[in-house]
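Here are the chains, one letter per residue:
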Amino acid sequence: QVQLVESGGGLVQAGGSLRLSCAASGSILSIGAVTWYRQAPEKQRELVAAVTSGGSTNYVDSVKGRFTISRDNAKNTVYLQMNALKPEDTAVYFCNANILPRSSSRWINYWGQGTQVTVSS
């Protein structure tokens, strides 16, 4: 059974840094694009950063220059390095990935359970 598990969230002061991890486990043939989303209280979920299987990246404007998404294919893990954090970055961060399980002939979209990031002013 394939799972996505996020980790690395926590409480940090404004200006600080956190590194989130999104680890895929299970019997996996391949991982395609992986995207980080976030959802703040009473707000819609928004795309934060994405990385393709080839390593191309894109970011929402509000995090450009501060966040970096990367992937380690050998570890089936994607990272989100978050620097210069602001109170408005406070949200639950979710990982989403397109995965080809060994047990399937088609790609399946998976979500992690989310990790809380809180930035104090």
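Before any of the text, the structure's been laid out above.
Presented here is a report on the structure given in the accompanying data block. Keep in mind the model is a prediction, meaning the values are calculated, not measured. (Residues numbered from 1 in each chain as written. Predicted model: local features only at pLDDT ≥ 70, side-chain atom pairs only at ≥ 80, totals over all residues. Heavy atoms only, no water.)

**Examining the packing of aromatic side chains**
Considering all chains together, one arrives at two aromatic pairs under this definition. Both rings, one in F94 and one in W111, keep their centres 6.5 Å apart while their planes meet at 80 degrees; by these two values the pair is edge-to-face. Placement of the pair is F94 in strand β9 (residues 91–101) and W111 in strand β10 (residues 108–111), with a sequence separation of 17 residues. What makes W111 partly exposed here is its relative accessible area of 39%. Each member of the aromatic cluster is reached from another via a ring pair, and the members are Y37, F94 and W111. The residue whose ring lies beneath R45 is F94, and the NZ or CZ to ring-centre distance is 3.9 Å. Taking NZ or CZ as reference, R45 lies 4.7 Å from the ring centre of W111, over its face. (Phe/Tyr/Trp six-rings, centres within 6.5 Å; stacked < 30°, edge-to-face > 60°. Helix = DSSP H or I, 4+ residues; strand = E, 2+ residues; numbered from the N terminus. Buried < 20%, exposed > 50% of the residue type's maximum accessible area, 1.4 Å probe, protein only. Lys NZ or Arg CZ within 6 Å of the ring centre and 35° of its normal.)

**Here we look at the side chain of S21**
Structurally, the position occupied by S21 is in strand β3 (residues 18–25). Ignoring anything within four residues of it in the chain, the contact list for S21 reads V5, E6, S7, W36, T77, V78 and Y79. (Contact = heavy atoms within 4.5 Å.)

**Things to note about the pattern of salt bridges**
Counted by the stated rule, this structure contains four salt bridges. Here E46 and R38 are joined by a salt bridge, their closest N and O atoms 2.6 Å apart. Since its relative accessible area comes to 29%, E46 is described here as partly exposed. Overall, the relative accessible area of 6% leaves R38 in the buried class. Residues R38 and D89 are paired through a salt bridge, measuring 2.9 Å at the closest nitrogen-oxygen approach. Taken together, the residues span a long stretch of sequence, with R38 in strand β4 (residues 28–39) and D89 in the loop between β8 (77–82) and β9 at a distance of 51 residues. Each member of the salt-bridge network shares a partner with another, and the members are R38, E46, R66 and D89. (Salt bridge = Lys/Arg side-chain N within 4 Å of Asp/Glu carboxyl O.)

As far as function goes, none of this settles anything; it's purely spatial.
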